[in-house]
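Residue-level structure breakdown
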Amino acid sequence: MPGMSPTQTGTVRTATTLADGRQLIYYDSGAAAPRDAVDERPLDPQAPGSEIRLDPATGDWVTIAAHRQARTYQPPAEECPLCPSRDGRLSEIPAEDYQVAVFENRFPSLAGMPGEAGGLRTGEPAGEAGGLWTGGPGTGRCEVVCFTADHDASFADLTPERARLVLDAWTDRTAELSALPGVRQVYCFENRGAEIGVTLAHPHGQIYALPFTTPRTARMAARATEHRAATGRNLFDDLLAAERSHGGRVVLAGEHWTAFVPFAARWPYEVHLHPHRRVPDLTALDAGQRDEFPSLYLELLRRFDRLFGTGRTPYISAWHQAPAGQRDELALHLELFTIRRTADKLKYLAGVESGMDAFVNDITPEDAARRLREVAA
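Throughout what follows, the structure given in this document is the object of discussion. (Residues numbered from 1 in each chain as written. Predicted model: local features only at pLDDT ≥ 70, side-chain atom pairs only at ≥ 80, totals over all residues. Heavy atoms only, no water.)

1. Digging into the overall build of the protein chain
Spelled out, the test is: Secondary structure is summarised from DSSP: a helix means a run of H or I of at least four residues, a strand means a run of E of at least two, and numbering begins at the N terminus for each. In this scheme, a residue with accessible area under 20% of its type's maximum is buried, one over 50% is exposed, and one in between is partly exposed, where area comes from a 1.4 Å probe on protein chains only. Here, two residues are considered to be in contact whenever any of their heavy atoms come within 4.5 Å of each other. Computed by Shrake-Rupley with a 1.4 Å probe, the accessible areas treat only the displayed protein chains as cover when residues are assessed. The charged-residue count follows a simple rule in which Lys and Arg add positive charge and Asp and Glu add negative charge, with His and chain termini not counted at all. Taken as the charge centre is NZ of Lys, CZ of Arg, CG of Asp or CD of Glu, depending on the residue.
Of regular secondary structure, the protein chain possesses six helices and 18 strands. With the C-alpha coordinates of the protein chain rotated into their principal frame, the extents come out at 60 × 60 × 40 Å. When each of the 377 residues of the protein chain is scored for burial, the buried share is 50%. Excluding contacts between residues fewer than 6 apart, the proportion of contacts in the protein chain whose partners are at least 24 apart in sequence is 65%. Total accessible area computed for the protein chain in this model is approximately 17,100 Å², and 52% of it derives from carbon and sulfur atoms. Distance between charge centroids for the protein chain: 4 Å, based on 40 positive and 51 negative side chains.

2. Let's talk about the nonpolar core
Quick reminder of the rule: Grouping buried Ala, Val, Leu, Ile, Met, Phe, Trp, Tyr and Cys residues that are joined through side-chain atoms within 4.5 Å yields what is termed a nonpolar core.
Judged by nonpolar contacts, the single largest core of 53 residues is most densely connected at Phe 155, Trp 170, Phe 293 and Trp 319. Those residues in contact with Trp 319, other than ones at most four positions away along the chain, are Trp 170, Tyr 187, Cys 188, Trp 257, Leu 282, Phe 293, Leu 332, His 333 and Leu 334. By size, the runner-up hydrophobic cluster in this structure holds 15 residues, among which are Leu 82, Tyr 98, Phe 103 and Leu 200.

3. Regarding a nonpolar patch on the surface
Spelled out, the test is: Residues forming no salt bridge and having over 30% relative accessible area are the ones grouped into patches, like charges within 9 Å of each other and nonpolar side chains (Val, Leu, Ile, Met, Phe, Trp, Tyr) within 5 Å. A pairing counts as a salt bridge when a side-chain nitrogen of Lys or Arg comes within 4 Å of a carboxyl oxygen of Asp or Glu.
Where nonpolar side chains cluster on the molecular surface, the patch consists of Val 352, Met 356 and Val 360 and spans about 280 Å² of accessible area. In this structure, Val 360 sits in the loop between α5 (351-356) and α6 (365-374). Residue class for Val 360 comes out partly exposed when judged on its relative accessible area of 42%.

4. Things to note about the pairing of strand β2 (residues 12-17)
Defined as follows: Pairing between two strands requires that DSSP report at least two bridges joining them.
Direction of pairing for β2 relative to strand β3 (residues 23-28): antiparallel, over a ladder of six bridges. Paired with Thr 14 across the bridge in β3 is Tyr 26. Counting the residues between successive antiparallel strands, the hairpin from β2 to β3 contains five residues, one of them, Gly 21, with a positive phi of roughly 95 degrees.

5. Description of helix α4 (residues 287-306)
Formally: By this rule the span expected of a helix is its residue count minus one, scaled by 1.5 Å.
In a regular helix each residue adds 1.5 Å, so 20 residues correspond to 28 Å; α4 covers 30 Å between its end C-alpha atoms and thus fits that length. For α4, the buried fraction is high: 14 of the 20 residues fall into the buried class.

6. Describing the side chain of Arg 35
Heads up, the rule is: Any N or O atom pair separated by 3.5 Å or less is treated as a polar contact, with the protein-specific requirement of one donor-capable and one acceptor-capable atom, and with residues adjacent in sequence counted only for side-chain atom pairs.
Looking at the secondary structure, you find Arg 35 in the loop between β3 and β4 (51-54). A residue is classified by how much of its surface remains accessible, and Arg 35, at 10% relative accessible area, is buried. Side chain to side chain, Arg 35 and Asp 28 meet in a polar contact 2.7 Å long. Among the polar contacts listed, one links the side chain of Arg 35 to the backbone oxygen of Asp 97, at a separation of 2.8 Å.

7. Quick notes on the packing of helix α1 (residues 160-178) against α4
The criterion, for reference: All axes here are fitted lines through C-alpha atoms, helices being fitted over the stretch that makes contact, and every angle between N-to-C directions spans 0 to 180 degrees. Left-handed describes a crossing whose near helix is turned anticlockwise from the far helix through less than a right angle; right-handed describes the clockwise counterpart. Any residue that is not Ala, Val, Leu, Ile, Met, Phe, Trp, Tyr, Cys, Pro, Asp, Glu, Lys or Arg is counted as polar, Gly included; the first ten are nonpolar and the last four charged.
Where α1 meets α4, the closest approach of the two axes is 9 Å, and the angle between their N-to-C directions is 115 degrees. Relative to α4, the crossing made by α1 is right-handed. Of the residues in α4, those in contact with Pro 160, Ala 163, Arg 164, Leu 167, Trp 170 and Thr 171 of α1 are Arg 290, Asp 291, Phe 293, Pro 294, Tyr 297 and Leu 298. Within the contact of α1 with α4, the residues separate by chemical class into eight nonpolar, one polar and three charged.

In C-alpha cells:
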C-alpha cells in the first residue's frame, strides 16, 4: 500500500511498489489526488546482472551492463512509459496524473544494494594477470525522475514552483541514497535531446547511487587537496570569488547563486552554477538558496534554448556532489553544457578528446559568456 510522508523540505512524498517490486515515489506540493493507483502490469521481478571493473592503467571504474541493450528505445509518444497510465494504457507510473515521480529504473546500470554479498574481487579470474584485475558486482541504484506528466514539455517549461518541487525530490533522494551502506556518491543529472543520446523523449532525469567515486570527482578532490596544502584555502571558494571578481565570464548572478562560464571550459557553451555559501551536497542548502535556485536555473535553461534560434537545445545538466568522506573540500555545483556549437553543427568528441581525454574548444569562454548574456529575455 502507498505510504505518505513529508520530506525535510515539506514536500509530500507517497511511496508505493510497482508490479515487479521496484519502488515508485510521488512528490507533490499542495493538494493532490490520492496516489493509490496500483500497477496492474504482469511484470516478472527483474535481476539485472552488471559488474564494475577497475582499469588498472588509469584507476577509473567502468560499469559493464550488457542487459541494457534491451532497454526501451525512442518509442512513439502514445507508447511512452513515463506518461501517466490513462485510457487503458499502462505505463511505469500507475497514476492518471502526477507532479513529480521517481522510480527505480527498469534497465539499471547498477542494481542491488552496495555492501551486500559479493563485494570487490581482486585478481579475477583466479591466478591471471598477477592480481591486476579488480572487479565486483555492479551494485548500487539507478532511478528515473519524471519532471512533469506533460510529455511535450521540458524542464525549461516548468514554473518556479514545479522546479522547486524537482529540487526537493533531488534533495530527498540524495539524503536517502547517501545513507545506504556502500554508496560512495549520488549523482543527479538530466540528458536532453536526441543528439545527446536520449532514448525517451518525455522530460526526465536520472539519479545514480554509485559504489565508487567517479573519475571526474576524484580529480577534483585531488586538486582541492593540493590547493588547500598550497594556500590554506578552499579551491572552490577561490574559484567562485575569482569569477565574481573578474566578471567577464559571469552569465547571471543572484543573492545566493552565481552562474559563470569556467576559465577552461571544455564544451562550446558550458555554465557552472555555484551557491555563494559552499555546501557539500543538496541536503545542506539553506532556505534562501533553495528559494532562489528555481528562477536562476530556469533562466539558464531558457537562455540555452535561445542560443541558436532552433528551439530546444540539447544539453547535459549535472549535479556535482561531494562523495562520502570528502565533504569538507568538495563543493556542490551544477554544470550545464551543450554539444551544439552552432545552429547546425555539433561538437563531436573525436580523436584527441575521446582518445586522450584532452578537450579542444572551438569557442572562447569569454565569447560564450557574452553570448549567453545577450540572449537574456
